[in-house]
Amino acid sequence: MKAVVYTRYGSPDVLEIRQVPKPEPQANEVLVRVHATTVSRTDCGMLRGHPALFVRLTMGLLRPKRPVLGMDFAGTIEAVGSGVTSFKLGERVFGMSPENFGAHAEYLCMPEEGTIAAMPLGFDFDEAVICEGAWYADTYLKNFELSRGQKILIYGASGAIGTAAVQLAKSYGAEVTAVVATRHLDLVKSLGADRAIDYTAEDFTRIDETFDCVLDAVGKTTFFRCRKLLGPRGVFSATDLGPWWQNVLLSSWSSITRSNRVAFPMPKSSGAVIDFLKARMEARELHGVVDRRYPLDSIADAYRYVETAQKTGIVVIQVAHTDEPFFDAD
Ligand SMILES: NC(=O)c1ccc[n+]([C@@H]2O[C@H](COP(=O)([O-])OP(=O)(O)OC[C@H]3O[C@@H](n4cnc5c(N)ncnc54)[C@H](OP(=O)(O)O)[C@@H]3O)[C@@H](O)[C@H]2O)c1
């Protein structure tokens, strides 16, 4: 099968499209024929060699242990292991592979009990590859214990995590203020934001309002800039470590002092996460914002674009299969 392989850390130039053996499912696994995947900021981080030692130890200290990246996937079940009971051949499925990656390929094995579910009704494959960003977004919202009527400010609401966070926060009944650049004001309003602030025209930290939660969805601001925005029991979270790992340090300090001002929750994957996202998608409360689509053969260009940190929502990779039958229109 065709796969996008990297054998050393580096720029998108190190990616190679290669023929590799098709994986064979174990007894508890399914083989997914991948139709769509994404290039996410996580993939970009793994390609370059993640700076955090604990991630590097898992991914390979000097060179990558897992040669194929790609977390989000949507496709069809091609084969099932002998013990699999919940999926059948040809079924349309979606999900993510946060531990083993591997979705930048024509086929991917997933454990039956893993982060995989039947496709949400009414979605195409390339609209369903939103789980990773939405999973991160929901981890933060659940940690905030966001509930009806609470006020949340989402900074950087135009990325994969931010667009999902706006929609999920609305599904929890929160009042959402989204902070984005001018070009994204209409987008975040269309996703349900009650108020949109243009960070290029206005200093959002000076608005005369406080919030129950402030989420920095792009890791570009800090707790110290945002603390005036927090109400008496307000909590700040960010999706990135922050300068000198300050979000991790401040979160630890918050726990020690029980001030609960800064939280840095780590997402935990489970099948229930995908079931939850599927339910939100089918309820029309969550959909993907697709910025660009690339064929698998042009995936290095997709990485180059995602690395600019300028994408809106997600960047989809469409996986055409070399063994697909050719239907002549005549
Ligand atoms: N994607 C994931 O699943 C994932 C998982 C874990 C952690 N993370 C981390 O979480 C962060 C966000 O990830 P993401 O994938 O959601 O990001 P992303 O999609 O790459 O975010 C890009 C968006 O952020 C906006 N942006 C860029 N600079 C900004 C700034 N200074 N202020 C406000 N908005 C800005 C960009 O629009 P404008 O420049 O026009 O404003 C663009 O629309 C990244 O630091 C990433 O490493 C991501």
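Before reading further, recall that the structure is shown in the block above.
The present account deals with the structure reproduced in this document. From a predicted model like this one, the values you see are computed outputs, not experimental measurements.

Some points on the overall build of the protein
Moving on, step 1. Helix and strand content of the protein: nine helices and 15 strands.
Moving on, step 2. Once the C-alpha set of the protein is aligned to its principal axes, its extents read approximately 60 × 45 × 40 Å.
Moving on, step 3. The buried share of the protein, reckoned over its 330 residues, is 55%.
Moving on, step 4. The long-range fraction of contacts in the protein, counting pairs at least 24 apart against all pairs at least 6 apart in sequence, stands at 68%.
Moving on, step 5. Surface accessibility of the protein: about 15300 Å² in total, with carbon and sulfur atoms responsible for 51%.
Moving on, step 6. With 36 positive and 40 negative side-chain charges, the protein shows a separation of 8 Å between the mean positions of the two kinds.

A few points about the packing of aromatic side chains
We describe a pair of aromatic rings using the distance from one ring centre to the other and the angle between the two ring planes.
Moving on, step 1. Within this structure, the stated rule accounts for six aromatic pairs.
Moving on, step 2. Taking the centre distance of 5.4 Å and the plane angle of 65° together, the rings of Phe223 and Phe224 count as edge-to-face.
Moving on, step 3. Classification of Phe224 as partly exposed rests on a relative accessible area of 43%.
Moving on, step 4. Through a chain of ring-to-ring contacts, three or more aromatic side chains come together here, namely Tyr155, Tyr199 and Phe204.
Moving on, step 5. Sitting over the ring of Tyr107, Lys22 keeps its end group 4.3 Å from the ring centre.
Moving on, step 6. Seen from the ring of Phe276, Lys142 lies directly overhead, with NZ or CZ sitting 3.6 Å from the centre.

Side note on the packing of helix H3 (residues 131-144) against helix H4 (residues 160-171)
Moving on, step 1. With their axes 8 Å apart at the nearest point, H3 and H4 run at an angle of 55° to one another. It follows from the interaxial angle that H3 and H4 lie oblique. The handedness of the crossing between H3 and H4 comes out as right-handed. For the pair formed by H3 and H4, the contact residues are Gly133, Ala134, Tyr136, Ala137, Asp138 and Leu141 on the first element and Ala160, Ile161, Ala164, Ala165, Leu168 and Ala169 on the second.

Looking at the sheet that holds strand E13 (residues 262-263)
Moving on, step 1. As summarised here, the arrangement of the six strands in space is E10-E9-E8-E11-E12-E13, forming an open sheet in which the pairing is parallel. Each edge of the sheet is formed by a strand with only one pairing partner; in this case those strands are strand E10 (195-198) and E13.
Moving on, step 2. In this sheet, strand E12 (residues 230-238) lies alongside strand E11 (residues 211-216) in parallel orientation, the contact comprising five bridges. Bridge pairing links Leu215 to Ser237 in E12.
Moving on, step 3. Along the sheet, H4 contacts strand E8 (151-155), strand E9 (175-180) and E11; its crossing angle with E9, the most-contacted strand, is approximately 170°.

Quick word on the site of the ligand
Moving on, step 1. If you check the shell around the ligand, you find 24 residues, and the closest are Tyr155, Ser158, Tyr199, Asp240 and Lys311.
Moving on, step 2. Separating an oxygen atom of the ligand from a backbone N or O atom of Ile161 is a distance of 2.9 Å.
Moving on, step 3. With respect to the ligand, the side chain of Gln310 contributes an N or O atom lying 3.2 Å from an oxygen atom.
Moving on, step 4. Summarising the interface, the protein chains cover 91% of the accessible area of the ligand, which totals 880 Å² for the free molecule.
Moving on, step 5. Among the secondary structure elements, those contributing two or more residues to the shell around the ligand are helix H1 (41-48), H3 and H4.
Moving on, step 6. No other element matches the three residues that H3 contributes to the shell around the ligand.

A few points about the side chain of Ser251
Moving on, step 1. Among the structural elements, Ser251 can be located in helix H7 (residues 246-257).
Moving on, step 2. Residue Ser251 is classed as buried on the basis of its relative accessible area, which comes to 12%.
Moving on, step 3. Dropping the residues within four chain positions of it, Ser251 is found in contact with Val262, Ala263 and Phe264.

Describing a nonpolar patch on the surface
Moving on, step 1. A cluster of nonpolar side chains, Leu53, Leu57, Leu61 and Leu62, forms an exposed patch at the surface whose accessible area comes to about 430 Å².
Moving on, step 2. On the accessibility criterion, Leu61 (45% relative accessible area) is partly exposed.

Observations concerning H4
Moving on, step 1. Between the first and last C-alpha of H4 there are 17 Å, a value that for twelve residues agrees with the 16 Å anticipated at 1.5 Å per step.
Moving on, step 2. With nine of twelve residues buried, H4 is to be regarded as a mostly interior element.
Moving on, step 3. Within the sequence span of H4, burial applies to Ile161, Gly162, Thr163, Ala164, Ala165, Val166, Gln167, Leu168 and Ala169.
Moving on, step 4. One or two residues past the end of H4 sits Gly173, with phi positive at roughly 85°.

Thoughts on the packing of H3 against helix H8 (residues 271-282)
Moving on, step 1. Relative to each other, H3 and H8 sit at 95°, their axes nearing to 11 Å. Judged by the angle between their axes, H3 and H8 are roughly perpendicular. For the pair formed by H3 and H8, the contact residues are Cys131, Ala134, Trp135, Asp138 and Lys142 on the first element and Val273, Ile274, Phe276 and Leu277 on the second.
Moving on, step 2. The class makeup of the residues in the contact of H3 with H8 is seven nonpolar, no polar and two charged.

Conventions used here
- Residues numbered from 1 in each chain as written.
- Predicted model: local features only at pLDDT ≥ 70, side-chain atom pairs only at ≥ 80, totals over all residues.
- Heavy atoms only, no water.
- Helix = DSSP H or I, 4+ residues; strand = E, 2+ residues; numbered from the N terminus.
- Buried < 20%, exposed > 50% of the residue type's maximum accessible area, 1.4 Å probe, protein only.
- Contact = heavy atoms within 4.5 Å.
- Areas by Shrake-Rupley, 256 points an atom, 1.4 Å probe, with all protein chains shown as cover.
- Lys, Arg positive; Asp, Glu negative; His and termini not counted.
- Charge placed at Lys NZ, Arg CZ, Asp CG, Glu CD.
- Phe/Tyr/Trp six-rings, centres within 6.5 Å; stacked < 30°, edge-to-face > 60°.
- Lys NZ or Arg CZ within 6 Å of the ring centre and 35° of its normal.
- Axes fitted to C-alpha atoms, helices over the stretch in contact; angles between N-to-C directions.
- Parallel < 35°, antiparallel > 145°, perpendicular 65-115°, else oblique.
- Left-handed = near helix turned anticlockwise from the far one by under 90°.
- Pairing = 2+ DSSP bridges.
- Near = heavy atom within 4 Å.
- Polar contact = N/O pair within 3.5 Å; in protein donor to acceptor, adjacent residues only side chain to side chain.
- Patch = residues over 30% accessible without salt bridge, like charges linked within 9 Å, V, L, I, M, F, W, Y side chains within 5 Å.
- Salt bridge = Lys/Arg side-chain N within 4 Å of Asp/Glu carboxyl O.
- Expected span 1.5 Å × (residues − 1).
- Nonpolar A, V, L, I, M, F, W, Y, C, P; charged D, E, K, R; others polar.

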